[in-house]
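The residues making up each chain are set out below.
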Amino acid sequence: MHGSETIEAPTRVRKVAFARLVNVSPGRVSQMIAAGLPVDADGRIDVARGKLWIQGNVSPTRSAAQAAQGALPFAAVPDAAAERLRLVKEQADHAALKNAALRRELVPAAEVEREWAGVLRQVRAGILAVPSRLRQLLPGLTAAEVEAIDAELRRVLEEMADGK
């Protein structure tokens, strides 16, 4: 052997060597073999075919797939650690919302809607009472003037109800 020659990585390896290459236990490789990981008749695994099989058949949510991308050349997702972090954050947000609701810091939308509907009914009733109050406060107003005020207030209320 000369100093310039290099030893190439084997293309076919035994189960233990394959387990080290893909960063899983030999037991996990046995499970993958039972699930269909291609194995040669002599019990060796073709590294390239094995990694392709793992990409297509191993769930990225398995604990071995949670390692960094560099440690798992077969990882099915770009960054499993980031996905796990996102899940943990979502779970924390869910718990925070639940706790805020229990402390009554958050109110159900139906309750808010009911309360506002009551307030708006009172506002509407107060506005519709204005013409008769004006008639009592200003006895010099004619019936036509009171009707004009009443019609204008009702027009404004209807425009507001229509979202204009």
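The rules behind these values
- Residues numbered from 1 in each chain as written.
- Predicted model: local features only at pLDDT ≥ 70, side-chain atom pairs only at ≥ 80, totals over all residues.
- Heavy atoms only, no water.
- Helix = DSSP H or I, 4+ residues; strand = E, 2+ residues; numbered from the N terminus.
- Buried < 20%, exposed > 50% of the residue type's maximum accessible area, 1.4 Å probe, protein only.
- Contact = heavy atoms within 4.5 Å.
- Areas by Shrake-Rupley, 256 points an atom, 1.4 Å probe, with all protein chains shown as cover.
- Expected span 1.5 Å × (residues − 1).
- Axes fitted to C-alpha atoms, helices over the stretch in contact; angles between N-to-C directions.
- Parallel < 35°, antiparallel > 145°, perpendicular 65-115°, else oblique.
- Arc of directions from axis to C-beta.
- pLDDT = per-residue confidence, 0-100.
- Patch = residues over 30% accessible without salt bridge, like charges linked within 9 Å, V, L, I, M, F, W, Y side chains within 5 Å.
- Salt bridge = Lys/Arg side-chain N within 4 Å of Asp/Glu carboxyl O.
- Core = buried A, V, L, I, M, F, W, Y, C linked by side-chain atoms within 4.5 Å.
- Lys, Arg positive; Asp, Glu negative; His and termini not counted.

(A) Structural view of the overall build of the protein. Looking only at helices and strands, the protein has 7 helices and 2 strands in total. By residue count, 15% of the 164 residues in the protein fall in the buried class. In the protein, the share of contacts with a sequence separation of at least 24, taken over all contacts with a separation of at least 6, comes to 41%. When the accessible surface of the protein is split by element, carbon and sulfur atoms take 58% of a total near 12,200 Å².

(B) The arrangement of helix H4 (residues 80–102) in detail. Taking 1.5 Å of rise per residue, the 23 residues of H4 would be expected to cover 33 Å, and the 33 Å separating its terminal C-alpha atoms lies within 8% of that figure. Arginine 104 lies just past H4 and shows a positive phi near 65°.

(C) Layout of the packing of helix H1 (residues 15–22) against helix H2 (residues 26–34). Running from N to C, H1 and H2 point in directions that differ by 105°, and their axes come no closer than 8 Å. The angle between H1 and H2 falls in the class roughly perpendicular. Across the interface between the two elements, Lys15, Val16, Phe18 and Ala19 of H1 pack against Pro26, Val29, Ser30 and Ile33 of H2.

(D) View of H2. Among the residues making up H2, those that are buried are Arg28, Val29 and Met32. Down the axis of H2, the smallest arc covering the buried residues is 105°, so these residues share one side. Summarising the contacts, the buried residues of H2 are in contact with H1, strand S2 (45–46) and helix H3 (47–57). Two residues or fewer after H2 comes glycine 36, characterised by a positive phi angle close to 125°.

(E) Spotlight on the confidence of the model for the protein. For the protein, per-residue confidence averages 84 on the pLDDT scale, and 83% of positions sit at 70 or higher. Low pLDDT (under 50) marks residues 65–73, which in the prediction has 20 contacts with non-local residues, meaning those over four places away or in another chain.

(F) Seen up close, a nonpolar patch on the surface. Taken together, the side chains of Val107, Val112, Trp116, Val119, Leu120 and Val123 define a hydrophobic patch exposed on the protein surface, amounting to about 520 Å² of accessible area. One can find valine 112 in helix H5 (residues 109–128).

(G) Representation of the pattern of salt bridges. This structure, assessed with the given rule, holds 10 salt bridges. Put simply, arginine 12 and aspartate 42 hold a salt bridge, and the shortest N to O gap is 2.6 Å. With a gap of 30 residues between them, arginine 12 in strand S1 (residues 12–13) and aspartate 42 in the loop between H2 and S2 connect regions that are remote in the sequence. Here arginine 12 falls in the partly exposed class, since its relative accessible area comes to 34%.

(H) The nonpolar core, seen in detail. Judged by nonpolar contacts, the single largest core of 13 residues is most densely connected at Phe18, Val24, Val29, Met32, Leu37, Trp53 and Ile54. When residues of this core are traced back to their parent elements, those giving at least two are H1, H2 and H3. For tryptophan 53, the contacting residues outside a window of four places in its chain are Met32, Ala35, Gly36, Leu37, Pro38 and Val58.

(I) Expanded view of the side chain of aspartate 46. Within the secondary structure, aspartate 46 is located in strand S2. Arginine 49 provides the closest opposite charge to the buried, unpaired aspartate 46, separated from it by 5.2 Å. Setting aside chain neighbours within four positions, we find aspartate 46 in contact with Thr11 and Arg12.

(J) Region of the structure containing unusual backbone geometry. One non-glycine residue, asparagine 23, lies in positive phi territory at about 65°. Examined against the element boundaries, asparagine 23 turns out to sit in the loop between H1 and H2. For asparagine 23, a relative accessible area of 40% puts it in the partly exposed group. You will see that arginine 104, though not glycine, has its phi angle at about 65°, which is positive. For arginine 104, the position within the fold is in the loop between H4 and H5.

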